[in-house]
Amino acid sequence: MTTPALLPLSGRRIPTLSPGASSFPHHRATLRLSEKFILLLILSAFITLCFGAFFFLPDNSKHKRFDLGLEDVLIPHIDTPKEGKHASGQVIIHGQGGHDEHRHREEEESLRDKIRADHERALQEAKEKLRKSREELQAEIQTEKNKVMEDLKKKDPGPKPLPPVPMPKVVGVSDGEPPEPDVKEKRDKIREMMKHAWDSYRQYGWGHNELKPLAKKGHSTNIFGNSQLGASIVDALDTLYIMGLHEEFKDGQEWIEQNLDFGVNAEVSVFEVNIRFIGGLLAAYYLSGQEVFKLKAVQLAEKLLPAFNTPTGIPWAMVNLKSGVGRNWGWASAGSSILAEFGTLHMEFVHLTYLTGNPAYYQKVMHIRKLLAKMDRPNGLYPNYLNPRTGRWGQHHTSVGGLGDSFYEYLLKAWLMSDKTDSEARKTYDDAIEAIERHLIRKSNGGLTFIGEWKNGHLERKMGHLACFAGGMFALGADGSPDDKAGHYLQLGAEIAHTCHESYDRTVLKLGPEAFKFDSGLEAVAVRQNEKYYILRPEVIETYWYMWRFTHDPKYRQWGWEAAQAIDKYCRVSGGFSGVKDVYSSNPTYDDVQQSFFLAETLKYLYLLFSSDDLMPLESWVFNTEAHPLPVLHLGNITLPGSEPAQR
């Protein structure tokens, strides 16, 4: 039997015989069976195809079809019409019809063209960026940042403007050139040292908190959190202004206007940020009159207020600027706050209330004073630790050096800043100094007056570099002392200055150690290796300056010049100034940190030491513990907002 051939006819297939096939009847029966079988196969194939099409062809109602290069999806072997025209008997499966399909193809083609154009444009921009210099790229980035900031300012009008208040009388903020040529030469040298420190920071650490002058890169410590807040810029501003370095001052001001942001997620030291940032910004405002400094100081102060949310009102040592969550240092006695930290807020907070009209700042610091006044003090001394939860003292450790120092300083300066009207502050200071003199101040076998540390009923015969500020404090507080003791306290200041000079003079580098002892035959000398370092600290030079102002004894300028020469010789490097690890070594190693307080305090006090007294006169200015000058508030009959409630 021959195999039938399939011939197309109008879309159907029918069997026919090959040439030479027999036409006998029994062959007709066989033919009928073959036709039925073939028709059955065709029907089965058709049903299978339809079934497959139903399950496997895309559903255009749910998915947008991507053009695969086919005009339509057709059943196999069925003619494909064009432009949607259907011939009789043709079975065509369209997604949404010919016109919809055409529209989809156009949209897809347009989308591909757009993607291709965007890709080419991005490649071209990348090529252009690669051709630009680093400076041009930085300028573009800054422009974009400024644009974003401007857009944000338009959306957020920012804080309400501060109320207008009379500007305190500002005198003696420039010049101060000494009449003596040799003194002027020394002053010019100090100015040059400041310029080297600033220029190095400007080049290698700009925007960072501090500088690593050997590594020539930025540096920061945990007191500033993990953010780049430009501590050295803020700390140095008033020094630059006083020295007449106005271009450098302008650079710092521009950075602050464009970059200083306190809305960061950073945990900072309330004390350090207050004395360096709020103090530095307020001083820059009073010296220059530029409103931006006042506004920034107030923005930061508002971020510090949550630190006072404790059961006693004694603030936490640290606060997160974003969340307002506070806590204390882990090493402080049983979670205590530290006397020198919560007791060194008064000057700045009084000025904040004066400038803003917000009584909260004044009330916070007055509450601390009232709380301390009610507490028992062992031997009349203030321990360094106070628990902010319980209101009880921590371990009985009293020091005029670290942990205690600036608490006593701010009692005196609160009185001075009030134009000597805050008699409560003066009385508290006098009582504290009387107890210190009775229990902590001693004279060594070699005749050196020193201030020891009281620890659990025992006097440790050791004095820290930080405690050397007290010589200047005693001199500053001499006028106004009870029982005509002005001469006594001026003499006490001179004796402390002499002892601290000895601590410098007895080293190889002529720079003072971090701490020095007075026992076992050793006097004014460091014993432990970890007390032999000098980190560009200012306290000894600070005392020299105050003693010079009150006595004009030329030895203080001589001692100051010795220290300046030693710093320039042993601490100066090509990338700035660095602390040294051992002042008793003729070949010391560096600690590779240029502290922000070196620009704020050490160089400022040296410059003032070689200036005439009409530069920053002490009758008009009070320096905070970071050497930031704040004007005396001659309030007269004006009452600070909140002062009456705070005194009830």
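Note that the structure is predicted; figures quoted are calculated from it, not measured.

A few words now on empty space enclosed by the protein. Which parts of space are left empty comes out when a probe the size of a water molecule is rolled across the atoms. Inspection of the entire model under this criterion finds four cavities of 30 Å³ or more. In this structure, the largest cavity encloses a volume near 50 Å³. Surrounding the largest cavity, Val-270, Phe-271, Pro-315, Trp-316, Ala-317, Asn-328, Ser-337, Ile-338, Glu-341, Phe-342 and Leu-345 form its lining. Elements represented by at least two residues in the lining of the largest cavity include exactly helix H7 (270–288), strand E10 (337–338) and helix H9 (339–342).

Another point: the sheet that holds strand E19 (residues 522–525). Pairing between the strands of a sheet comes from backbone hydrogen bonds, and it takes one of two forms, parallel or antiparallel. The sheet built from three strands is open, its strands ordered E17-E18-E19 with antiparallel pairing. Of all strands in the sheet, those bounded by a partner on one side alone are strand E17 (462–464) and E19. Here the average twist between neighbouring strands, direction ignored, is 15 degrees. The sheet contact formed by strand E18 (residues 515–519) and E19 spans three bridges and is antiparallel. From the neighbouring strand, Lys-517 faces E19, where its bridge partner is Val-525.

Here the focus is the state of the cysteines. Using the criterion set out here, one finds one disulfide in the structure. Across the disulfide, Cys-468 is cross-linked to Cys-500 (sulfur-sulfur distance 2.0 Å). A torsion of -95 degrees about the S-S bond marks the disulfide between Cys-468 and Cys-500 as left-handed. Highlighted residues: Cys-468 in the loop between E17 and helix H14 (470–476) and Cys-500 in helix H15 (residues 486–505), separated in sequence by 32 residues. By the burial criterion, Cys-468 is buried, and Cys-500 matches it.

Our focus in this paragraph is the environment of Gly-380. With respect to the helices and strands, the residue Gly-380 is situated in the loop between helix H11 (360–374) and strand E11 (385–386). Note on Gly-380: relative accessible area 29%, which makes it partly exposed. For the pair formed by Gly-380 and Ala-432, sequence separation is 52 residues and the distance between their alpha carbons is 7.0 Å.

The next point concerns the pattern of salt bridges. Enumeration according to the criterion identifies 35 salt bridges in this entry. Notably, a salt bridge pairs Glu-210 with Arg-276, separated by 3.7 Å at the nearest N-O pair. With Glu-210 in strand E5 (residues 210–212) and Arg-276 in helix H7, this residue pair connects regions lying 66 residues apart in the sequence. Residues participating in the shared-partner salt-bridge network are Lys-189, Glu-192, Asp-568 and Arg-572.

A separate point is the nonpolar core. If you look at the biggest cluster of nonpolar residues, it comprises 169 residues, and the most contacted ones within it are Ile-190, Phe-277, Met-463, Phe-474, Ile-567 and Phe-623. Top contributing element to this core by residue count: H7, with 12 residues. In contact with Phe-474, other than residues within four places in its own chain, are Tyr-429, Ile-433, Ile-441, Ile-451, Tyr-489, Leu-492, Gly-493 and Ile-496.

The next thing to look at is the sheet that holds strand E8 (residues 318–320). The strand order across the open sheet built from three strands is E7-E8-E9, with neighbouring strands paired in antiparallel fashion. Looking at which strands have only one partner, the edges of the open sheet turn out to be strand E7 (267–269) and strand E9 (326–327). Direction of pairing for E7 relative to E8: antiparallel, over a ladder of three bridges. The residue of E8 that forms the bridge with Ser-269 is Met-318. Strand contacts of H7: E7 and E8, with the helix running at about 70 degrees to E7, the strand carrying the most contacts.

It is the contact of helix H4 (residues 181–204) with helix H18 (residues 596–609), at a shortest axis distance of 9 Å, that shows an interaxial angle of 165 degrees. It follows from the interaxial angle that H4 and H18 lie roughly antiparallel. The two elements H4 and H18 cross, and the hand of that crossing is left-handed. Residues Arg-187, Ile-190, Arg-191, Met-193, Met-194, Ala-197 and Trp-198 of H4 touch H18, and the partners they reach there are Phe-598, Leu-599, Leu-603, Leu-606 and Tyr-607. Looking at side-chain class alone, the contact of H4 with H18 contains 10 nonpolar, no polar and two charged residues.

Basis of the calculations
- Residues numbered from 1 in each chain as written.
- Predicted model: local features only at pLDDT ≥ 70, side-chain atom pairs only at ≥ 80, totals over all residues.
- Heavy atoms only, no water.
- 1 Å grid on protein atoms, 1.4 Å probe; cavity = no way out; pocket = protein on both sides within 12 Å on 5 of 7 lines; lining within 4 Å.
- Points joined across faces, edges and corners; volume = space filled by probe spheres on them.
- Helix = DSSP H or I, 4+ residues; strand = E, 2+ residues; numbered from the N terminus.
- Pairing = 2+ DSSP bridges.
- Axes fitted to C-alpha atoms, helices over the stretch in contact; angles between N-to-C directions.
- Disulfide = S-S within 2.5 Å.
- Buried < 20%, exposed > 50% of the residue type's maximum accessible area, 1.4 Å probe, protein only.
- Salt bridge = Lys/Arg side-chain N within 4 Å of Asp/Glu carboxyl O.
- Core = buried A, V, L, I, M, F, W, Y, C linked by side-chain atoms within 4.5 Å.
- Contact = heavy atoms within 4.5 Å.
- Parallel < 35°, antiparallel > 145°, perpendicular 65-115°, else oblique.
- Left-handed = near helix turned anticlockwise from the far one by under 90°.
- Nonpolar A, V, L, I, M, F, W, Y, C, P; charged D, E, K, R; others polar.

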